Amino acid sequence: MHSAHPTESASASLLAGFDYQPRTRIIFGRDTLEQVGTLARDLGGRHVLLVTDKGIAAAGHPSRAVGFLEAAGLHVTIYDDVRENPTTGDVDRCVQVAKEAGVDFIVGLGGGSSMDTAKGANFLLTNGGVMKDYWGVGKATKPMLPLIAIPTTAGTGSECQSFALISDEQTHAKMACGDAKAAAKVAILDPLLTVSQPPRVTACTGIDALAHAVESAVTKKRTPISAVFSREAFRLCYQGLERVLRDPQDLEARGMMQLGAAFAGTAIENSMLGAAHSAANPLTAHFGVVHGQAVGLMLPAIVAFNAHDPLAHERYLELSASVELGPIEEFIAELEVLLDVAKMREGLSKYGIDAGQFPTLAKEAAQQWTATFNPRAITAEDFERLYAEVLE
Ligand SMILES: [Zn+2]
């Protein structure tokens, strides 16, 4: 028997609607960096601003990129003063260089910081004002310069996102400035570029990518599309992380991590993040804990907290099953094993943090944008308890 009106079963109501159009063409494979010149030329570029940092420059990647760009007939101006966790001051300095050179195209080459600085500068170059004007979503009214993103780490997934994360130099607030126009036209994923990462960077960025997959899988904004990317990102990172840590030259595993990070970035673009990132950001802002370390440190406790929500619990089990793991306890234990393997299973006390600082940190954590997408409502008191769990 069926009724006159379609009925919405409990499981059908879980299928959130979505509007998905990939904004970024993804080119993956060994030696794909060689295509950067022709790609930039085909997208109309004549004078390219190459945004990178000095560490990446030492590895030789930017000079190779310049070679390919110049061989395609393009002029290149380099900005290589990118710093970790870029601030409004960093973006201003990059914009100054871009303005003086009169560029019409941007290439971001490096970790998340290089790509975020490139995106941040693009906002100000094309739409004027200050970074704060773009805090939020869709605040840019004028067209932006075409951008090619080339990650040299496997972590943030910034290459697949329309957001620039820029810290306010005064308040230290991490501003997520997003606009569809800010997304890269092309992401070049060349696993050879990630081999030069120092081991500690491989560990921190890899754990961050894994956390992106786990967090994006359960958010309130999750859709059937983001779920596909979260799950595949988790599978790739889970299977690739131990391999790249054991053998940094394992190019197949490097490729798995790079794809995992990009897919997780795509998942975030469609479903946002959760409370592990909310808890991590104040640790980075006040105690300089590296982002991936801060997120990894909080992740098992947050998963255990969220698993009390029946739907989040079910979604964690989907991830767990995708890599042939079992119940939630096993899933959480396995996350802890990965942190151990990455030599990142540490307590907050190692960073000079004590219980006296929890109220301030927890208050800030609860105010983070990402907290609003967490599957289970989370308060400052909850964050205080969670910090206490990971003190030692
Ligand atoms: Zn992250």
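Residues numbered from 1 in each chain as written. Predicted model: local features only at pLDDT ≥ 70, side-chain atom pairs only at ≥ 80, totals over all residues. Heavy atoms only, no water.

K.L.:
So what's going on with the overall build of the protein chain? Which residues, and what values?
P.N.:
Per the secondary structure count, the protein chain includes 14 helices and 9 strands. Taking 392 residues into account, the globule formula puts the C-alpha radius of gyration at 21 Å, and the protein chain, at 21 Å, falls close to it. Each principal axis of the C-alpha distribution contributes one length, and for the protein chain these read about 60 × 60 × 45 Å. Classification of the 392 residues of the protein chain by burial places 57% in the buried group. Of all intrachain contacts in the protein chain linking residues separated by at least 6 positions in sequence, the fraction that spans at least 24 positions is 79%. Total accessible area on the protein chain stands at roughly 16,400 Å², and carbon and sulfur atoms take up 54% of it. Placing the 33 positive and 46 negative side-chain charges of the protein chain at their respective mean positions leaves the two points 5 Å apart. (Helix = DSSP H or I, 4+ residues; strand = E, 2+ residues; numbered from the N terminus. Rg over C-alpha atoms; globule rule 2.2 N^0.38 Å. Buried < 20%, exposed > 50% of the residue type's maximum accessible area, 1.4 Å probe, protein only. Contact = heavy atoms within 4.5 Å. Areas by Shrake-Rupley, 256 points an atom, 1.4 Å probe, with all protein chains shown as cover. Lys, Arg positive; Asp, Glu negative; His and termini not counted. Charge placed at Lys NZ, Arg CZ, Asp CG, Glu CD.)

K.L.:
Please set out the packing of helix α6 (residues 199–216) against helix α10 (residues 291–306) residue by residue, giving values where relevant.
P.N.:
It is the contact of α6 with α10, at a shortest axis distance of 8 Å, that shows an interaxial angle of 40°. Relative to α10, the element α6 lies oblique. Every pair of crossing elements has a handedness; the one defined by α6 and α10 is left-handed. Here R200, C204, I207, D208, A211, H212, V214 and E215 of α6 come into contact with α10, specifically with H291, G292, Q293, V295, G296, L299, I302 and V303. (Axes fitted to C-alpha atoms, helices over the stretch in contact; angles between N-to-C directions. Parallel < 35°, antiparallel > 145°, perpendicular 65-115°, else oblique. Left-handed = near helix turned anticlockwise from the far one by under 90°.)

K.L.:
Give me the lowdown on the sheet that holds strand β4 (residues 105–110), citing residues and values where you can.
P.N.:
Strand order in the open sheet made by the 6 strands is β1-β9-β6-β4-β2-β3, with parallel pairing throughout. Each edge of the open sheet carries a strand with a single partner, namely β1 (25–28) and β3 (75–79). Recorded for the sheet is a direction-independent mean angle of 20° between the axes of neighbouring strands. In terms of strand pairing, β4 meets strand β6 (residues 147–151) through 5 bridges, oriented parallel. The residue bridging I106 from the neighbouring strand is L147, located in β6. Contacts from helix α3 (residues 61–71) reach β2 (47–51), β3 and β4, with the element oriented near 160° to β3. (Pairing = 2+ DSSP bridges.)

K.L.:
Could you give me a rundown of unusual backbone geometry, with the residues and numbers involved?
P.N.:
Its identity is not glycine, yet H172 carries a phi of approximately 65°, on the positive side. Within the secondary structure, H172 sits in the loop between β7 (163–167) and β8 (174–178). Even without being glycine, M272 reaches a positive phi, approximately 65°. Along the chain, the position of M272 falls in the loop between α8 (251–271) and α9 (275–287).

K.L.:
Break down the side chain of D250 for me, citing the residues and quoting the values.
P.N.:
Note that D250 resides in the loop between α7 (224–246) and α8. On the basis of relative accessibility, which here comes to 17%, the residue D250 falls in the buried class. At a separation of 3.0 Å, a polar atom in the side chain of D250 contacts the side chain of R243. Residues contacting D250, with those up to four places away along its chain left out, are R243 and V244. (Polar contact = N/O pair within 3.5 Å; in protein donor to acceptor, adjacent residues only side chain to side chain.)

K.L.:
Please give an account of the coordination of the zinc ion that cites residues and values.
P.N.:
Here the zinc ion is held by the protein donor atoms D208 (OD), H212 (NE2), H277 (NE2) and H291 (NE2), which lie 2.1 to 2.2 Å from it. Every donor counted, the 4 donor atoms about the zinc ion form angles of 86 to 168° at the centre, which fits irregular coordination. In terms of primary sequence, the donors binding the zinc ion are separated according to D-x3-H-x64-H-x13-H. Of the two residues, D208 and H212 are both situated in helix α6; the distance of 4 residues between them amounts to about one turn of the helix. Here D208 falls in the buried class, since its relative accessible area comes to 3%. Take H212: its relative accessible area is 3%, and that puts it in the buried class. (Donors = N, O, S within 2.8 Å, 3.2 Å for Na, K, Ca; no water. Tetrahedral: all angles 85-135°; square planar, octahedral: opposite > 155°, others 65-115°.)

K.L.:
Explain the nonpolar core to me, and be specific about the residues and the numbers.
P.N.:
Ranked by size, the top nonpolar core spans 73 residues in total, and within it F234 and Y387 carry the most contacts. If we ignore the near neighbours within four places in the chain, the residues touching F234 are L210, A213, V214, L319, S322, V323, F331 and L335. In this structure, V51, Y134, A140 and M144 belong to the second largest nonpolar core, which totals 28 residues. (Core = buried A, V, L, I, M, F, W, Y, C linked by side-chain atoms within 4.5 Å.)

K.L.:
Hey, could you go over helix α12 (residues 328–341) for me, with residue numbers and the actual values?
P.N.:
An ideal rise of 1.5 Å per residue puts 20 Å on 14 residues; α12 measures up with 20 Å between its terminal C-alpha atoms. The complete set of buried residues in α12 reads I328, F331, I332, L335, L338 and L339. Taken around the axis of α12, the buried residues stretch over an arc of 115°, which confines them to a single face. The secondary structure elements touched by the buried residues of α12 are α6, α7, α10 and α11 (310–322). Looking one or two residues past α12, K343 carries a phi angle of roughly 55°, positive in sign. (Expected span 1.5 Å × (residues − 1). Arc of directions from axis to C-beta.)

K.L.:
Please give an account of the pattern of salt bridges that cites residues and values.
P.N.:
Throughout the structure, instances matching the rule amount to 16 salt bridges. Among the ionic pairs, K54 bridges to D81, the shortest N-O distance being 2.3 Å. In this pair, K54 sits in helix α2 (residues 54–59) while D81 sits in the loop between β3 and α4 (88–101), placing the two residues 27 residues apart along the sequence. Since its relative accessible area comes to 40%, D81 is described here as partly exposed. Between R345 and E336 there is a salt bridge whose closest N-O contact spans 3.7 Å. A single network of salt bridges, built from pairs that share partners, joins K54, D80 and D81. (Salt bridge = Lys/Arg side-chain N within 4 Å of Asp/Glu carboxyl O.)

K.L.:
Outline the packing of aromatic side chains, listing residues and values.
P.N.:
Inspection of every chain in the model, using the stated rule, returns 9 aromatic pairs. Ring centres 5.4 Å apart and planes at 70° place the aromatic pair W369 and F373 in the edge-to-face group. Owing to a relative accessible area of 38%, W369 belongs among the partly exposed residues under this scheme. On the accessibility criterion, F373 (10% relative accessible area) is buried. Aromatic rings pair up to connect F234, Y238, Y316 and F331 into one cluster. Above the ring of F305, the side-chain terminus of R376 is found at 4.0 Å from the ring centroid. (Phe/Tyr/Trp six-rings, centres within 6.5 Å; stacked < 30°, edge-to-face > 60°. Lys NZ or Arg CZ within 6 Å of the ring centre and 35° of its normal.)

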